[in-house]
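Observations on the model geometry
Residue strings, one per chain:
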Amino acid sequence: MDIQTRPTTQRDHSATRRERDDNKKSAADFSHIKGWGADLDPNNRPAYPMERTPPRLEGLHWHDVEEQPLNMKVYHSVERPGVTPVFGTSTPPSGISGKIRDVAYGYSENDVRHWMLLLLADRINVVEGIGQDLTRGRIPNVFAEMGIKAEWQHNRAGLIGKAAVASAVIGAGYFLLKRRNARAYRY
């Protein structure tokens, strides 16, 4: 596919004059960058002899892709009319995090609420996983799962910094709670 770019006739009024002048640089100005402009000339493109427009599609043994069976809830974007032919089913939605994901996928992907709700659902899913481990009689080794041993071996300064910040936050929280409780008993 050969795509040619043409300069537009519309002006970008948000750019300064200097920025517009920088945009008008010729290809020679960028010749010091290795590989610059390699795709401008079709003869210089690495895949050019193999490329065809339209691409070769003869000899296909299917007309439509066979869809994966849908036997659980699979989320998809509201911009997409249906589920893709192939999808992951390793962790179906469940619990409170699944309900939050239901709400999140009601919003468009360009809405920040979609992504913030998905982040919240992931955090809640971690807590739900720890709860499931405890109900099964297995005590999770949180420090091993966080990779603290590897962090101590390979990034000791970073681990000490994180521990210092966490200690300061916990200490400040403890101080504020203690102070609030002391005020409650005065009155």
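Attention in this report is confined to the structure presented alongside it. (Residues numbered from 1 in each chain as written. Predicted model: local features only at pLDDT ≥ 70, side-chain atom pairs only at ≥ 80, totals over all residues. Heavy atoms only, no water.)

A word on the overall build of the protein chain
Check the secondary structure of the protein chain and you find 6 helices and 0 strands. Out of the 187 residues in the protein chain, the part that is buried amounts to 11%. Expressed as a percentage of contacts within the protein chain between residues at least 6 apart in sequence, the contacts between residues at least 24 apart total 35%. (Helix = DSSP H or I, 4+ residues; strand = E, 2+ residues; numbered from the N terminus. Buried < 20%, exposed > 50% of the residue type's maximum accessible area, 1.4 Å probe, protein only. Contact = heavy atoms within 4.5 Å.)

Considering the packing of aromatic side chains
Under the criterion given, the structure shown has 1 aromatic pair. Ring centres of Tyr75 and Tyr105 lie 4.8 Å apart, and the angle between their planes is 5°; on these two criteria the pair is classed as stacked. With a gap of 30 residues between them, Tyr75 in the loop between helix 1 (17-23) and helix 2 (95-104) and Tyr105 in the loop between helix 2 and helix 3 (112-135) connect regions that are remote in the sequence. (Phe/Tyr/Trp six-rings, centres within 6.5 Å; stacked < 30°, edge-to-face > 60°.)

Section: helix 3
With 24 residues, helix 3 extends 35 Å from end C-alpha to end C-alpha; this agrees with the ideal 34 Å at 1.5 Å per step. For helix 3, the full list of buried residues reads His114, Leu118, Ala121, Glu128 and Asp133. On the buried face of helix 3, the contacting elements are helix 2. Positive backbone phi, approximately 85°, marks Gly137, located one or two places after helix 3. (Expected span 1.5 Å × (residues − 1).)

Re a nonpolar patch on the surface
Nonpolar side chains collect at one region of the surface, where Val126, Ile130, Leu134, Ile139, Val142, Phe143 and Met146 lie side by side and expose about 730 Å² of accessible area between them. Elements with a minimum of two residues in the nonpolar patch: helix 3 and helix 4 (142-145). Looking at the nonpolar patch element by element, the count peaks at 3 residues for helix 3. In this structure, Leu134 sits in helix 3. (Patch = residues over 30% accessible without salt bridge, like charges linked within 9 Å, V, L, I, M, F, W, Y side chains within 5 Å. Areas by Shrake-Rupley, 256 points an atom, 1.4 Å probe, with all protein chains shown as cover. Salt bridge = Lys/Arg side-chain N within 4 Å of Asp/Glu carboxyl O.)

Bear in mind that shape data such as this cannot, by itself, settle questions of function.
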